[in-house]
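Breakdown of the fold
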Number of protein chains: 2
Amino acid sequence: MTPERYRRICETLDRRQPDMTVIMDGVHKPHNIAAIVRTCDAVGILDVHAILPKNRARVAAGTAMGSQRWVKVHKHEDSTPVIRELQGQGVQVLAAHLSDTAIPYREVDYTKPTALLLGTEKFGVSDEAAAAVDQHVIIPMMGMVESFNVSVAAAIILAEACEQRRAKGFYDQPRIDPQRYHELLFRWGHE
Amino acid sequence: MTPERYRRICETLDRRQPDMTVIMDGVHKPHNIAAIVRTCDAVGILDVHAILPKNRARVAAGTAMGSQRWVKVHKHEDSTPVIRELQGQGVQVLAAHLSDTAIPYREVDYTKPTALLLGTEKFGVSDEAAAAVDQHVIIPMMGMVESFNVSVAAAIILAEACEQRRAKGFYDQPRIDPQRYHELLFRWGHE
Ligand SMILES: C[S@@+](CC[C@H](N)C(=O)[O-])C[C@H]1O[C@@H](n2cnc3c(N)ncnc32)[C@H](O)[C@@H]1O
Ligand SMILES: C[S@@+](CC[C@H](N)C(=O)[O-])C[C@H]1O[C@@H](n2cnc3c(N)ncnc32)[C@H](O)[C@@H]1O
């Protein structure tokens, strides 16, 4: 590993946000998964959860997921246990969801430990997940089409979260525990 | 046309922003073009410019572009004349471009007449376009990957533009001239 590479990896690890995550609840198009995971890397997310029925996981795990070396994608078959576990850890779980009770995405405090759940390309967030999360958030739409592409919606909300965390200095000093830091430093250094 | 449909079309036309546009300078993947045009609709953009070499235009004009009934996609073979014409009309042309002189995207005033130029998936913004535009803007990246997906980058910047315009009341009263309004009302009503 060159010194430049080592420095770049350390800088990235110094900015990782262990208390921010994304749950892709049935998102299945590889280009959407790839774009979401790439955006997660860019805002400092370490772990992403992908809920996929068994027969789909293999497809999505191909190029799209495999190419993402810097974000760990955890696969699950059902979202409710994931939501419950995060809530148990004190994480606010938000669903990007076009419901009547949704609040505008810029009104949320993303400096709290936060998970953002996204729905499927076709049917959106399931009733079950919508009921389990703590809050629905919406990006106001001014046009004829009723929703954004899912990777676009994820990016708009995560960019706001990133901005809020930047303003509060969350990227200015290491936030992950030393053990995970060194594990990742070792792994990334050998990719 | 049902009264609901009529009302929805009028509401959308009332929010259209004639002084905001996007230039896709060589973006060629259909799913990226589709996502960008869909985002444009959602923030109230009427016209988008697509620069595509002749042999590519046909492919991209297929599903991706055809499905976008609410945004007019103007095709061109070269970006410089488009940039020059917009500048001649008093529009600030911004390139989303990862250059040394780029300023953070949240520091820009998007309530001015604005065009946002995006580069190709692989090579980014051309030297020619980078030199012709008025300003480069960048979305800060905190991770290992060097850039966002192009439709994601477009969405992050356009969402900020939308927010600024919303705060200033730009979506609260009609902004397009009566002739175009009625043309579009007629056309959209018959789609
Ligand atoms: C293409 S949309 C799903 C559309 C689906 N027909 C529905 O009504 O929910 C896919 C996902 O993107 C996210 N999304 C899209 N537009 C959004 C918006 N304006 N606000 C919040 N989330 C949005 C949501 O997570 C949604 O489940
Ligand atoms: C995948 S990127 C191109 C990457 C290319 N290797 C480069 O260095 O420019 C495609 C386009 O998305 C936009 N883009 C991606 N990430 C961006 C960022 N962080 N800031 C501004 N624009 C970005 C730019 O318009 C860019 O030309």
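Reference entry: report on the structure contained in this document.

A few points about the packing of helix α1 (residues 3–15) of chain A against helix α8 (residues 178–189) of chain A
All names here are of chain A. Across the interface, α1 lies against α8 with an axial gap of 10 Å and an inter-helix angle of 145°. Note on packing geometry: the crossing formed by α1 with α8 is right-handed. Each of Tyr6, Ile9, Cys10, Thr12, Leu13 and Asp14 in α1 lies in contact with α8, whose residues at this interface are Tyr181, Leu184, Leu185, Trp188 and Gly189. Counted by class, the contact of α1 with α8 contains eight nonpolar, two polar and one charged residues.

With respect to the site of ligand 1
In the vicinity of ligand 1, 20 residues are found, and the nearest of them are Ala96, Gly119, Ile139, Met141 and Phe148 of chain A. One chain alone does not account for the residues near ligand 1; they come from chains A and B. Ala96 of chain A has a polar backbone atom sitting 2.6 Å from an oxygen atom of ligand 1. At 2.9 Å from a nitrogen atom of ligand 1 is found a main-chain nitrogen or oxygen belonging to Ile139 of chain A. Surface burial for ligand 1 is 85%, taken as the share of its 570 Å² of free accessible area covered by protein chains.

Remarks on the packing of aromatic side chains
For any pair of aromatic rings, the description consists of the separation of the ring centres together with the inter-plane angle of the planes. All names here are of chain A. Evaluation of the coordinates by the stated rule reveals two aromatic pairs over all chains. Consider the rings of Trp70 and Trp188, whose centres lie 5.2 Å apart with planes at 80°: the pair is edge-to-face. With Trp70 in the loop between α4 (63–66) and β3 (72–76) and Trp188 in helix α8, the pair connects residues that are 118 residues apart, well separated along the chain. For the pair Trp70 and Trp188, a shared accessibility class is recorded, and that class is buried.

Quick word on the side chain of His97 of chain B
As for its position among the elements, His97 of chain B is in the loop between β4 (92–96) and β5 (103–104). Residue contacts for His97 of chain B: discarding those within four places in its chain leaves Ala102, Val125, Ala130, His136, Val137 and Ile138 of chain B.

A closer look at the site of ligand 2
Every one of the 20 residues lining ligand 2 counts as a neighbour, but Ala96, Gly119, Ile139, Met141 and Phe148 of chain B are closest to it. Residues lining ligand 2 come from chains A and B. Backbone polar atom of Gly119 of chain B to an oxygen atom of ligand 2: 3.1 Å apart, as the coordinates give it. Between Phe148 of chain B and ligand 2, the recorded distance is 3.0 Å, taken from a backbone N or O atom to a nitrogen atom. Against a free-state accessible area of 570 Å², the protein chains account for coverage of 86% of ligand 2. Of all the elements in the fold, those that place two or more residues in the shell around ligand 2 are β7 (135–138) and α7 (150–167) of chain B. Its residues placed into classes, the shell around ligand 2 shows 12 nonpolar, five polar and three charged.

Description of the environment of Arg5 of chain A
On the secondary structure map, Arg5 of chain A appears in helix α1. Sequence-distant contacts of Arg5 of chain A, defined by excluding residues within four places in its chain, comprise Arg69 and Trp70 of chain A together with Met144 of chain B.

Considering the sheet that holds strand β6 (residues 114–118) of chain A
Residue and element names in this part refer to chain A. Ordered by their spatial adjacency, seven strands build an open sheet running β3-β2-β1-β6-β4-β7-β5, and the pairing between neighbours is parallel. Bordering the open sheet on either side are β3 and β5 (103–104), each of which pairs with just one other strand. The sheet contacts of helix α5 (residues 79–88) involve β1 (20–25), β2 (47–51), β3, β4 (92–96) and β6, and relative to β1 the element is tilted by about 165°. Lying on the sheet, helix α7 (residues 150–167) is in contact with β1, β4, β6 and β7 (135–138); it crosses β6 at an angle near 165°.

Procedures and definitions
Along each chain, the written sequence defines residue order, and numbers are assigned to residues from 1. To read the labels, note that chains go from A and ligands from 1, taken in the order they are written. Reporting of local features is limited, given that this is a predicted model, to residues whose pLDDT is at least 70; pairs of side-chain atoms are given and counted only at 80 or more, and all residues count toward the totals for whole chains, interfaces and linings. The basis for every side-chain value is the complete set of non-hydrogen atoms in the structure, without hydrogens or water. Simply put, an axis is a line fit to the C-alpha atoms, just over the touching stretch for a helix, and the angle between two N-to-C directions goes from 0 to 180 degrees. Secondary structure is summarised from DSSP: a helix means a run of H or I of at least four residues, a strand means a run of E of at least two, and numbering begins at the N terminus for each. Crossing handedness is defined as follows: a turn of the near helix away from the far one that is anticlockwise and smaller than a right angle gives a left-handed crossing, while the clockwise case is right-handed. Contacts: residue pairs with any heavy atoms within 4.5 Å of one another. Each residue gets one label: Ala, Val, Leu, Ile, Met, Phe, Trp, Tyr, Cys and Pro are nonpolar, Asp, Glu, Lys and Arg are charged, and the others, such as Gly, are polar. The rule for a residue being near a molecule or strand is that one of its heavy atoms must lie within 4 Å of it. Polar contact is defined as a pair of N or O atoms within 3.5 Å, subject to the rule that within protein one atom must be able to donate a hydrogen and the other to accept it, and that residues adjacent in sequence are counted only when both atoms are side-chain atoms. Using a 1.4 Å probe, the Shrake-Rupley method yields the accessible areas, and only the shown protein chains count as cover for residues. Stacked, tilted and edge-to-face are the three classes applied to pairs of Phe, Tyr and Trp rings, where Trp contributes its six-membered ring and a pair requires centres within 6.5 Å; stacked means planes under 30 degrees apart, edge-to-face means over 60, and tilted covers the rest. Whether a residue is buried, partly exposed or exposed follows from its accessible area with a 1.4 Å probe, protein chains only, as a fraction of its type maximum: under 20%, in between, or over 50%, in that order. When DSSP locates at least two bridges between a pair of strands, those strands are taken to pair.

Geometric values such as these leave the question of function open.
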